[in-house]
2 protein chains.
Amino acid sequence: MSDETSASLPSSSPASEAPASEAVTSIRPPPGPLPAGLVLVSTPIGNLADLTIRAAACLSEADLVLCEDTRTTARLFSAWGISTHMEALHEHNERHRIAGLLDQLRQGKRIALVSDAGTPLLSDPGYRLVRAAIAEGLPVTAAPGANAAITALTLSGLPPHPFLFIGFPPPRGAARRAAFGQIHAAEQAGLSATLIWHEAPHRLAEALEDLATVFGGNREAAVARELTKRFEEVRRGTLASLSTHYAENQVRGEITVLIGPADVEATGADDLDRQLRQLMSTHSVKDAAALVAGAANLPRRTVYARALQLAREHREDNDITANPPDPLE
Amino acid sequence: MSDETSASLPSSSPASEAPASEAVTSIRPPPGPLPAGLVLVSTPIGNLADLTIRAAACLSEADLVLCEDTRTTARLFSAWGISTHMEALHEHNERHRIAGLLDQLRQGKRIALVSDAGTPLLSDPGYRLVRAAIAEGLPVTAAPGANAAITALTLSGLPPHPFLFIGFPPPRGAARRAAFGQIHAAEQAGLSATLIWHEAPHRLAEALEDLATVFGGNREAAVARELTKRFEEVRRGTLASLSTHYAENQVRGEITVLIGPADVEATGADDLDRQLRQLMSTHSVKDAAALVAGAANLPRRTVYARALQLAREHREDNDITANPPDPLE
């Protein structure tokens, strides 16, 4: 469609799934040409009307649209009457395809990149291509739009900034708890941000259970799913209550899990210290640190360092050895 | 416009600032009614064509649009032929207005909330109102769209996830360096994420200088400005090179600063350890920790705990005192 200067976008209504604002009867793309280069185009996360006017124009005018899954993008194209040539770009072929795509960009082609839903790159392929195009000095721009993590964040009722978007946690229990533990360790060191993950529906219950174990059941949290669609749901509560709810209620669809920021001054660090002090009254520093690190799923090194400091403070407070010799002096 | 079932959006072209895809000649909002409740509507971050079809419909059909600055939103409305009643909701009046707005929501009004640009709440007012509406069980939904931080992230060439969006750093030097230091401390504890801030143009040079001081001049970074507009620019380089560039080149516009993730294994923690070991060969543990904490702008407590651990490991490696008595035993 690249040579058409007045290509008309859909005259048909999109098969949107949201209760309101579903059917835009016509949009016309701008007559001006899309410039050469790579354009990262954000697409809807559920409601087909969540496409920007410029995104529709970019997709319509591009010489080629790179899709995560062409069948998914075909549904969007069908709803909006777009017929641009599509090709798949995914995890398994991205490396192979880069050289050829860079050639096309050098020749002045207009290439649009989309993911199945939302803003490309965020949890999806395309990053290698973008890096390669930037390295070659080829033009890269964006037509911004919907993003599931940001949408979930604004609807969660949790503090909207700072926030840390992590992506999908590891699928298996031990690795997942270790990944959560690493972020919990960063909180012990002062990180205070709303935390955001995506999760597959069949892993939601066990992920929430692990989150409650690592971050504490009282932590404020939210689970968002089917955003912008008819059955949009944002459930808010503590990690413990959400863990219980989703253990008893199977759900479907794309899921975003959010937990509120650590109250760094008041909770995390003090809990850790209290546990360490208690255990150190009956165990060695090393054993106390190992026990706390195990229970809280924190790196032993971090907990041990803190335990050593507490032990030293305790010693100084009790004046057991005034001015102990410094081991390195 | 709330009673019209076929209100037609603009027949005029928007005064967009981007080189391409500027002029959509007509869009029609859906005929279905917008449901009662609060809807968070994302608006463009620069290019007026970056409005979603559903966002245009929501703004057009709402009984009331709450704006950060009605003059800014008036320009968007004018471009798209929207004439819904606007009222200001900002930092200074949000608390006062909440009770009245909740009353209107209870009566079944459709209220849209927008910020000056992008997704509301992220660096903008509205969070208190959303919390209050959620607490009352009133419907809150979203029409997602553009967001400057996410757009900058995808164009930066930096790893797109995990990422930590922080917002604006404190405006003054000491507080700003302390805030950067707190995040750097979290990196020492294992945080590895692309970091994103907004910054005012007249503070960009000094903020970059502080970032280079705290995170190291070699750290990969990017500065994005005028995104989606005619003079869109994404400058990529090390913190040192960007700091030099913007010290010599004044810029204007909305600015997003991004730095790549810490290479936790290879750099941050090891650098700290190396510095501590070196200083501990000539200084007391306490003095070494104080010097390193001061130089790296890290919390003394964190660095001291690590220094104590290194000292202990050193002692054990050198077998100066095999099995030293544990201070708490």
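Residues numbered from 1 in each chain as written. Chains lettered and ligands numbered in written order. Predicted model: local features only at pLDDT ≥ 70, side-chain atom pairs only at ≥ 80, totals over all residues. Heavy atoms only, no water.

1. Observations regarding the overall build of chain A
Helices and strands together make up the secondary structure of chain A, namely 11 helices and 10 strands. In chain A, buried positions account for 55% of the 329 residues. In chain A, the proportion of contacts linking residues at least 24 apart, taken out of those at least 6 apart, comes to 70%. Looking at chain A as shown, the accessible area adds up to about 13400 Å², and 48% of this sits on carbon and sulfur atoms. (Helix = DSSP H or I, 4+ residues; strand = E, 2+ residues; numbered from the N terminus. Buried < 20%, exposed > 50% of the residue type's maximum accessible area, 1.4 Å probe, protein only. Contact = heavy atoms within 4.5 Å. Areas by Shrake-Rupley, 256 points an atom, 1.4 Å probe, with all protein chains shown as cover.)

2. Some words on the packing of aromatic side chains
All names here are of chain A. This structure, assessed with the given rule, holds 9 aromatic pairs over all chains. Aromatic side chains phenylalanine 180 and tryptophan 197 sit 5.2 Å apart centroid to centroid with 70° between the ring planes, which places their arrangement in the edge-to-face category. Here the residue phenylalanine 180 occupies a position in helix 6 (residues 173-188), and tryptophan 197 occupies one in strand 7 (residues 194-199), the gap between them amounting to 17 residues. Tryptophan 197 shares its class with phenylalanine 180; the two are buried. (Phe/Tyr/Trp six-rings, centres within 6.5 Å; stacked < 30°, edge-to-face > 60°.)

3. Thoughts on the sheet that holds strand 7 (residues 194-199) of chain B
Pairing within the open sheet is mixed, and its 10 strands lie in the order 9(A)-8(A)-10(A)-7(A)-6(A)-6(B)-7(B)-10(B)-8(B)-9(B). Here the strands that pair on one side only, and so sit at the sheet edges, are strand 9 (233-238) of chain A together with strand 9 (233-238) of chain B. Strand after strand, the sheet turns through a mean of 20° between neighbouring axes, direction not considered. Where strand 6 (residues 163-167) of chain A meets strand 6 (residues 163-167) of chain B, 3 bridges bridge the pair, whose relative direction is antiparallel. By the bridge assignment for strand 6 of chain B, leucine 164 of chain A is matched with leucine 164 of chain B. Here helix 7 (residues 204-215) of chain A sits on the sheet and contacts strand 7, strand 8 (220-225) and strand 10 (255-259) of chain A; the angle it forms with strand 10 of chain A, its principal contact strand, is near 10°. (Pairing = 2+ DSSP bridges. Axes fitted to C-alpha atoms, helices over the stretch in contact; angles between N-to-C directions.)

4. Some words on the environment of proline 160 of chain A
By the secondary structure assignment, proline 160 of chain A is in the loop between helix 5 (148-156) and strand 6. Setting aside anything within four residues of it in sequence, one finds proline 160 of chain A in contact with Leu153 of chain A together with Leu121, Leu122 and Tyr127 of chain B.

5. Let's talk about the nonpolar core
With 74 residues, the main nonpolar core has Leu38 and Phe163 of chain A together with Leu38 and Phe163 of chain B as its most contacted residues. Of all hydrophobic cores here, the second largest spans 48 residues; its members include Ala193 and Trp197 of chain A together with Leu208 and Leu211 of chain B. (Core = buried A, V, L, I, M, F, W, Y, C linked by side-chain atoms within 4.5 Å.)

6. Side note on the confidence of the model for chain A
Residues and elements named next belong to chain A. Averaged over all residues, the pLDDT of chain A is 84; the fraction at 70 or higher stands at 82%. Across residues 1-31 the pLDDT falls below 50, and counting only partners more than four positions away or on other chains, this stretch makes 104 contacts in the model. In the predicted structure, residues 319-329 sits below a pLDDT of 50 and forms 14 contacts with residues beyond four places in sequence or in another chain. Prediction confidence for the complex, expressed as pTM and ipTM, is 0.76 and 0.76 respectively. (pLDDT = per-residue confidence, 0-100.)

7. Section: the pattern of salt bridges
Overall, the coordinates contain 30 salt bridges over all chains when judged by the stated rule. With a shortest N-O distance of 2.6 Å, arginine 54 of chain A and aspartate 50 of chain B are connected by a salt bridge. Here arginine 54 of chain A is found in helix 1 (residues 53-61), whereas its partner aspartate 50 of chain B is found in the loop between strand 1 (37-41) and helix 1 (53-61) on a different chain. Look at arginine 54 of chain A and you get buried, because its relative accessible area is 6%. (Salt bridge = Lys/Arg side-chain N within 4 Å of Asp/Glu carboxyl O.)

8. Some words on helix 6 (residues 173-188) of chain B
Residues and elements named next belong to chain B. Helix length check: helix 6 (16 residues) gives 22 Å between terminal C-alpha atoms against 22 Å at 1.5 Å per residue, within 8%. Along helix 6, the residues classified as buried are Arg176, Phe180, Gly181, Ile183, His184, Ala185, Ala186, Glu187 and Gln188. Backbone geometry just downstream of helix 6 places glycine 190 in the positive-phi region, at approximately 120°. (Expected span 1.5 Å × (residues − 1).)

9. Brief notes about the side chain of arginine 110 of chain A
Residue and element names in this part refer to chain A. Relative to the helices and strands, arginine 110 is located in strand 4 (residues 110-113). Overall, the relative accessible area of 10% leaves arginine 110 in the buried class. In terms of polar contacts, arginine 110 uses its side chain to reach the backbone carbonyl oxygen of glutamate 61, at 3.1 Å. (Polar contact = N/O pair within 3.5 Å; in protein donor to acceptor, adjacent residues only side chain to side chain.)

10. Remarks on the sheet that holds strand 5 (residues 140-143) of chain A
Residues and elements named next belong to chain A. As summarised here, the arrangement of the 5 strands in space is 3-2-4-1-5, forming an open sheet in which the pairing is parallel. Across the chains shown, the open sheet's two edge strands, defined by having one partner strand only, are strand 3 (86-88) and strand 5. The sheet shows a mean angle of 25° between the axes of neighbouring strands, direction not considered. In this structure, strand 2 (residues 64-67) lies alongside strand 4, joined through 3 bridges in parallel fashion. Considered in strand 4, the bridge of leucine 64 is made with isoleucine 111. Here helix 4 (residues 127-135) sits on the sheet in contact with strand 1 (37-41), strand 2 and strand 5, set at roughly 145° to strand 1.

11. Concerning the packing of helix 6 of chain B against helix 7 (residues 204-215) of chain B
Residues and elements named next belong to chain B. One can describe the packing of helix 6 onto helix 7 by two numbers: an axis separation of 9 Å at closest approach and a directional angle of 40°. Comparing their axes, helix 7 and helix 6 come out oblique. For helix 6 against helix 7, the interelement crossing comes out right-handed. Contact residues: helix 6 offers Gly173, Arg176, Arg177, Phe180, Gly181, Ile183, His184 and Glu187, while helix 7 offers Glu206, Ala207, Asp210, Leu211, Val214 and Phe215. Its residues assigned to classes, the contact of helix 6 with helix 7 comprises 6 nonpolar, 3 polar and 5 charged. (Parallel < 35°, antiparallel > 145°, perpendicular 65-115°, else oblique. Left-handed = near helix turned anticlockwise from the far one by under 90°. Nonpolar A, V, L, I, M, F, W, Y, C, P; charged D, E, K, R; others polar.)

12. Focus on unusual backbone geometry
The general pattern is negative phi for most residues beyond glycine and trans for most peptide bonds. Residue and element names in this part refer to chain A. Cis geometry is found at the peptide bond from histidine 161 to proline 162, where omega equals -5°. Tracing the sequence through the fold places proline 162 in the loop between helix 5 and strand 6. The backbone of leucine 121 sits at a positive phi, close to 90°, despite the residue not being glycine. Judged by relative accessible area, which is 1%, leucine 121 ranks as buried.

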